[in-house]
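# Understanding the architecture of this molecule
The primary structure of each chain is shown beneath.
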There are 2 protein chains.
Amino acid sequence: MIDLAVCELISVGTEILLGDILNTDAQFLSQELAKMGISVMHQSTVGDNAERLTKLLEEASQRSDIIILSGGLGPTPDDITKEVCCEFFKKKMFLHEESLEKMKAFFAERKREMPENNIKQAMLPEGCVVFRNDNGTAPGLAMEKDGVHLLLLPGPPRELKPMFFESAVPYLKQFSNKTIISHNIRTFGIGESAMAEKINDLFDMQNPTVAPYAKDGEALLRVTAMADSEEQAEKMCRPVIDEIKSRLGDVVYGVDYTCIEEAVVELLREKKLRVATAESCTGGFIAKRITNVSGSSEIFECGIVSYSNRIKNEVLGVSADDLERYGAVSETVARQMAEGALKVSGADIAVSVTGIAGPNGDGSGKPVGLSYIGLADKNNSWVTELKTGRTDRDYNRYVNASNALNMIRMYVRNEK
Amino acid sequence: MIDLAVCELISVGTEILLGDILNTDAQFLSQELAKMGISVMHQSTVGDNAERLTKLLEEASQRSDIIILSGGLGPTPDDITKEVCCEFFKKKMFLHEESLEKMKAFFAERKREMPENNIKQAMLPEGCVVFRNDNGTAPGLAMEKDGVHLLLLPGPPRELKPMFFESAVPYLKQFSNKTIISHNIRTFGIGESAMAEKINDLFDMQNPTVAPYAKDGEALLRVTAMADSEEQAEKMCRPVIDEIKSRLGDVVYGVDYTCIEEAVVELLREKKLRVATAESCTGGFIAKRITNVSGSSEIFECGIVSYSNRIKNEVLGVSADDLERYGAVSETVARQMAEGALKVSGADIAVSVTGIAGPNGDGSGKPVGLSYIGLADKNNSWVTELKTGRTDRDYNRYVNASNALNMIRMYVRNEK
């Protein structure tokens with residue numbers, strides 16, 4: 001085992017140099033390698049250019065034990081990563097029948113002819129370890145020469161991520177002698193600095209460490225421990241996580257959830273409650289986020305996107321008079337939308353959102369970023385007013401949906 | 001004036017190597033430099049480490065005329081970019097009074113004491129061009145030696161972006177004598193290699209160039225021309241775009257759209273048609289994508305997320321017998337969902353999706369990734385079967401929604 005393997009990342013793609021795509025692969029790989037205790041010392045990007053890529057491989061192989069390349073494995077002539085790497089390592093290529101068969105099946109399933117171009121994706125260097133690609137046609141691979149390891153992964157994140165976990169991680173285990181474990185404590189309804197004030201002293205800890213960061217408009221805390229074994233690292237994290245949860249209280253919606261909708265779906269499943277949605281400005285975003293979660297069919301009954309006033313009235317039964325008097329963006333309408341969705345769906349609870357997402361106003365003089373979020377059960381209904389003060393449509397829609405989800409969470413938590 | 005200036009970017013920051021932050025600066029700078037006709041040939045990231053940064057500067061200065069560094073200009077001891085660059089160029093530093101005064105004012109305004117640490121931010125290399133920072137305390141700068149230009153910018157995007165436009169762009173004008181214009185031709189319903197076969201010969205053109213790439217599961221073509229003026233570059237692109245459109249035909253949904261929903265909303269607005277949606281497995285995603293587009297309220301009437309069979313029957317009027325006989329994921333149900341949404345909403349057309357998004361099956365024995373997409377108008381209805389062959393829930397939902405949007409597009413195109 002190499003004691004401290006040095007790793008570097010090379011992204012190949014002219015589209016990255018032109019700024020057409022954001023290099024999220026480099027961040028993903030760096031994060032995952034850090035978790036394994038493998039240090040990334042360089043990240044580089046070059047275009048689809050054999051000369052410059054070869055030069056970079058020369059430099060990289062002088063200073064790193066592991067070089068992970070992403071991109072340039074596609075079927076078109078400008079995809080050259082594999083060919084350049086084989087040339088650099090002086091490895092011959094052979095036709096990998098299994099990859100070819102998989103590729104043929106891939107096209108057959110889609111009832112499409114396999115283009116001739118694709119055959120080159122099944123050509124692989126002799127002696128390599130093949131990484132299966134279940135999400136595209138280009139297999140990945142690892143090869144070694146004189147102690148330098150090249151790993152080639154496809155560029156599209158949908159293909160790179162599963163391949164990394166399924167094939168690259170097992171391959172890289174040989175370089176990893178420490179285990180790093182991280183847990184994310186997720187909160188809703190507290191700002192980063194207000195949160196920091198409550199736990200300032202914990203930021204000075206060395207192992208585990210506690211670090212705040214912001215993600216998707218939420219404040220997040222990351223607890224990270226390094227140890228010889230996973231078990232030991234877990235044991236070090238646990239008391240710190242408990243301490244943070246007890247100091248922050250209700251604003252913590254969970255540990256290691258990727259998003260609030262996951263927590264909401266789990267809570268609803270636990271309490272066996274079914275939910276419905278009535279959305280205006282969020283346009284289906286709440287329903288979409290709930291149904292992102294696998295298994296949500298158990299708790300999600302129905303969603304109504306009542307974009308026009310006519311639908312608010314005819315489908316949800318919002319009073320036409322009240323729509324006229326108070327306007328579509330009002331407490332009254334939010335309440336009636338939630339009550340209407342409850343009735344139409346027969347669910348246990350219903351949430352609603354009506355607001356002005358922007359970038360432009362609705363002509364009523366009400367500010368962009370204003371919204372009303374309603375929740376109804378069989379006996380009661382509640383409405384919250386929200387003002388983001390922003391005109392960014394995507395942001396407002398996201399934050400409105402998050403607040404509606406949080407309203408469900410708080411309701412279910414308080415249910416006995 | 002240098003005829004073809006070669007530029008490269010160096011991001012300095014251990015937090016990027018750890019994957020804690022996404023390197024959006026590199027994308028921003030690459031995009032803006034491309035617009036100025038300055039070619040970025042390398043992007044690199046190193047940590048806050050003097051030795052590795054010096055080594056990288058040596059390599060970079062061999063191959064590039066302009067090196068733009070971002071990050072590592074902060075007040076803490078691990079911020080070393082400026083110090084390393086001065087050492088590399090053998091430039092002495094002096095105290096820049098104006099920057100010191102600005103910094104003092106910055107802290108005074110915030111009623112905070114200026115930490116001693118910050119003074120180092122006002123130390124600048126002799127003979128440099130100072131870039132003012134109106135959004136933070138670290139000034140940027142440019143310096144030159146033997147024809148190699150180093151530009152130092154702060155890392156935080158809200159400081160880097162304005163400084164780039166206000167100070168770096170004027171400085172870089174000396175290298176830019178060409179204008180580059182790019183247009184993206186967006187398609188739906190054709191794979192990258194099938195598309196390549198139809199236009200293979202165009203990939204050999206030199207100016208404009210034609211390059212394929214994949215984005216969000218769609219194949220995309222980028223046409224790029226370089227010329228002395230914007231007008232001339234546009235003139236060079238136009239016939240190539242027309243040629244591609246005529247060869248690819250119906251699969252092209254537009255030029256320079258960011259996504260298919262933009263094209264769909266525009267088509268519906270043109271034809272003054274209002275649409276409704278009935279969604280099962282996509283759970284509101286189609287409605288969400290349509291209403292992402294500002295101005296969609298003119299064409300979007302109503303969306304029903306009929307997740308349970310009961311709602312399919314009670315709200316959309318899908319026959320309970322047919323749900324029983326054919327199952328929820330069937331051509332018959334997709335058709336009745338679209339017809340039901342049309343009736344409930346009073347819209348001109350309605351689309352529907354019912355499918356198995358995964359990761360698990362629905363117990364019916366039908367494969368994950370199977371879906372039926374329906375479209376109804378007052379006189380007719382159509383259903384398409386789709387098999388993605390994948391179990392990735394996010395992917396299946398996205399592709400189902402995209403196909404439903406494309407079905408609207410094809411319908412509206414064929415409407416006279």
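Residues numbered from 1 in each chain as written. Chains lettered and ligands numbered in written order. Predicted model: local features only at pLDDT ≥ 70, side-chain atom pairs only at ≥ 80, totals over all residues. Heavy atoms only, no water.

### Re the overall build of chain A
The secondary structure content of chain A amounts to 14 helices and 17 strands. Taking the principal axes of the C-alpha coordinates as reference, chain A spans close to 80 × 55 × 40 Å. Per-residue burial for chain A yields a buried fraction of 56% across its 416 residues. Expressed as a percentage of contacts within chain A between residues at least 6 apart in sequence, the contacts between residues at least 24 apart total 68%. Within the structure as shown, chain A displays about 17,400 Å² of accessible surface, and the carbon and sulfur contribution to it stands at 48%. Side chains of chain A carry 48 positive and 61 negative charges; the gap between the two charge centres is 3 Å. (Helix = DSSP H or I, 4+ residues; strand = E, 2+ residues; numbered from the N terminus. Buried < 20%, exposed > 50% of the residue type's maximum accessible area, 1.4 Å probe, protein only. Contact = heavy atoms within 4.5 Å. Areas by Shrake-Rupley, 256 points an atom, 1.4 Å probe, with all protein chains shown as cover. Lys, Arg positive; Asp, Glu negative; His and termini not counted. Charge placed at Lys NZ, Arg CZ, Asp CG, Glu CD.)

### Topic: unusual backbone geometry
Across the junction of G358(A) and P359(A), the peptide omega takes the value 5°, indicating a cis bond. Its place among the elements puts P359(A) in the loop between β15 (349-355) and β16 (370-376). The step from N207(B) to P208(B) runs through a cis peptide bond, and the omega angle for that step is 5°. Among the secondary structure elements, P208(B) is positioned in the loop between α7 (192-199) and β10 (209-215).

### Quick look at the sheet that holds β10(B)
Residues and elements named next belong to chain B. Here four strands make up an open sheet; going across it, the order is β10-β11-β9-β12 and the pairing antiparallel. Looking along the sheet, the strands with just one partner apiece sit at the ends: β10 and β12 (252-255). Strand after strand, the sheet turns through a mean of 25° between neighbouring axes, direction not considered. Looking at chain direction, β10 and strand β11 (residues 218-227) are connected through seven bridges and run antiparallel. Among the inter-strand pairings, V210 is bridged to a residue of β11, identified as V223. Against the sheet, α7 contacts β9 (179-187), β10 and β11, and its axis sits at roughly 45° relative to β11. (Pairing = 2+ DSSP bridges. Axes fitted to C-alpha atoms, helices over the stretch in contact; angles between N-to-C directions.)

### Points about the interface of chain B and chain A
Each partner contributes to the interface: chain B provides 75 residues, whereas chain A provides 69 residues. Carbon and sulfur atoms supply 50% of the area buried between chain B and chain A, which totals about 5,800 Å² over both sides. Across the contact surface, chain B and chain A share five salt bridges. Where R63(B) meets E59(A), a salt bridge forms, and the shortest distance between an N and an O atom there is 3.6 Å. (Buried area = accessible area lost by both parts, 1.4 Å probe. Salt bridge = Lys/Arg side-chain N within 4 Å of Asp/Glu carboxyl O.)

### Digging into the packing of aromatic side chains
Evaluation of the coordinates by the stated rule reveals 19 aromatic pairs over all chains. Ring geometry for F28(B) against F165(B): centres 5.5 Å apart, planes inclined by 85°, an arrangement best described as edge-to-face. Residue F28(B) is found in helix α2 (residues 24-35), and its partner F165(B) is found in helix α6 (residues 157-172); the two are separated by 137 residues along the sequence. Above the plane of the ring of F285(B) lies K288(A), whose end atom (NZ or CZ) is 4.1 Å from the centre. (Phe/Tyr/Trp six-rings, centres within 6.5 Å; stacked < 30°, edge-to-face > 60°. Lys NZ or Arg CZ within 6 Å of the ring centre and 35° of its normal.)

### Notes on the packing of helix α9 (residues 260-271) of chain A against helix α14 (residues 393-414) of chain A
All names here are of chain A. As a packed pair, α9 and α14 sit with axes 9 Å apart at the nearest point and diverge in direction by 30°. Between α9 and α14, the interaxial angle falls into the category roughly parallel. The interaxial crossing formed by α9 with α14 has left-handed handedness. Residues I260, E261, V264, L267, L268 and K271 of α9 touch α14, and the partners they reach there are S402, L405, N406, I408, R409, V412 and R413. (Parallel < 35°, antiparallel > 145°, perpendicular 65-115°, else oblique. Left-handed = near helix turned anticlockwise from the far one by under 90°.)

### Comments concerning α2(B)
Residues and elements named next belong to chain B. Its 12 residues give α2 an end-to-end C-alpha distance of 17 Å, which sits within 8% of 16 Å, the value for a rise of 1.5 Å per residue. With respect to burial, α2 is a largely interior element, nine of its 12 residues being buried. Listed as buried for α2 are D25, A26, Q27, F28, L29, S30, E32, L33 and A34. Its side-chain oxygen placed 3.2 Å from the backbone nitrogen of A26, N23 serves as the N-cap of α2. Two residues or fewer past α2, G37 is found with a positive phi of approximately 80°. (Expected span 1.5 Å × (residues − 1). Polar contact = N/O pair within 3.5 Å; in protein donor to acceptor, adjacent residues only side chain to side chain.)

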